Amino acid sequence: MILTISRQLAAGGREIGRLLASELNLKYFDKKSLLDSARRSGIADDLLLRADEHYNLFTLALSTDSQKLFQFQTDTIRQLAQSGNCLFVGRAADYILRDRNDVFSVFLSADISDRIRCVMTKDNLTEAEAESFILKTDRRRADYYNFYTDKQWGDSNGYDLCLNTSRFGVKGTVKIIEESIAVAGLR
């Protein structure tokens, strides 16, 4: 089984992903682990930083570096998924693995007020700075995802399950995802 988690910034995606990976005995992969893999393969750090999902749409369209990194990322995610029992956070993994029948894709959102409080605390920002950072990051994630896929980031039609973590909390969200995977016959 492969589980993919796409998420808004500060919706708890990494924490929820780590808990699910632990409880479901899945190998956990996020930006850091995929970038580590890229580094081991010889892709330069500056390429990784320039071609990451934090670049704007104009840069993506013009950069052959970003195209190379996305292709490397695609190849890496597909290769890692071959072993099965993986959880991927972000990186358009749901799209990259869309042709597999053992993939369950989740999109996590949260109320903006909760997200702002989280970022304010974590990054020691003012409310206005936190909101601006959240909106810019989500816009970049959407641009990245929409550029490389034929889907729309966050559109419920593109995921098996969409949840608002503000409503269910971390533990409740984990439980709902686990139960949904079981109902879908993937666990």
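Residues numbered from 1 in each chain as written. Predicted model: local features only at pLDDT ≥ 70, side-chain atom pairs only at ≥ 80, totals over all residues. Heavy atoms only, no water.

Looking now at the pattern of salt bridges. Under the criterion given, the structure shown has seven salt bridges. With its nearest N and O atoms 2.7 Å apart, the salt bridge here joins Asp102 to Arg100. Residues Asp114 and Arg117 are paired through a salt bridge, measuring 2.2 Å at the closest nitrogen-oxygen approach. Remark: Arg117 and Asp114 occur in helix H7 (residues 112-123); sequence separation between them is three residues, near one turn of the helix. (Salt bridge = Lys/Arg side-chain N within 4 Å of Asp/Glu carboxyl O. Helix = DSSP H or I, 4+ residues; strand = E, 2+ residues; numbered from the N terminus.)

Right, let's talk about helix H1 (residues 13-24) for a bit. Between its first and last C-alpha atoms H1 spans 16 Å; for 12 residues at 1.5 Å apiece the expected length is 16 Å, and the two agree. Of the residues making up H1, those classed as buried are Gly13, Ile16, Gly17, Leu20, Ala21 and Leu24. The arc that holds every buried residue of H1, seen down its axis, measures 135 degrees, which confines them to one face. Away from its buried face by more than 90 degrees, H1 exposes Ser22 and Glu23. Looking at the buried residues of H1, the elements they touch are strand E1 (2-7), strand E2 (27-29), strand E3 (86-89), strand E4 (103-109) and helix H9 (165-183). Positive phi appears at Asn25, one or two residues downstream of H1, with a value of about 55 degrees. (Expected span 1.5 Å × (residues − 1). Buried < 20%, exposed > 50% of the residue type's maximum accessible area, 1.4 Å probe, protein only. Arc of directions from axis to C-beta. Contact = heavy atoms within 4.5 Å.)

Turning our eyes to something else, we now look at unusual backbone geometry. A positive phi is found at Ala10, a non-glycine position, where the angle reads about 70 degrees. Of note, Ala10 is situated in the loop between E1 and H1. On the basis of relative accessible area, Ala10 is assigned to the partly exposed category, the value being 23%.

This next bit is on the pairing of strand E5 (residues 161-164). Going residue by residue along E5, you find Leu161 and Leu163 tucked away on one face and Cys162 and Asn164 left uncovered on the opposite face. With four bridges joining them, E4 and E5 adopt parallel strand pairing. Following the sheet pairing, Val106 is matched in E5 by Leu161. (Pairing = 2+ DSSP bridges.)

Attention now moves to the environment of Cys118. Within the element layout of this structure, Cys118 appears in helix H7. What makes Cys118 partly exposed here is its relative accessible area of 35%. In this structure, the C-alpha to C-alpha distance between Cys118 and Ala11, residues 107 residues apart in sequence, is 8.8 Å.

Attention now moves to H9. The first and last C-alpha atoms of H9 sit only 20 Å apart over 19 residues, clearly below the 27 Å expected at 1.5 Å per residue. Approximately 80 degrees is the largest bend angle found in H9, and it occurs at Lys171. Along H9, the residues that are buried comprise Thr165, Thr173, Val174, Ile177, Ser180 and Ile181. As for H9, its buried residues are in contact with E1, H1, E4 and E5. Where H9 begins, the capping side chain belongs to Asn164, and its oxygen is found 2.8 Å from the backbone nitrogen of Ser166. Just past H9, the residue Gly185 takes up positive phi, approximately 80 degrees. (Bend = angle between axes of the 7 residues up to and from the residue. Polar contact = N/O pair within 3.5 Å; in protein donor to acceptor, adjacent residues only side chain to side chain.)

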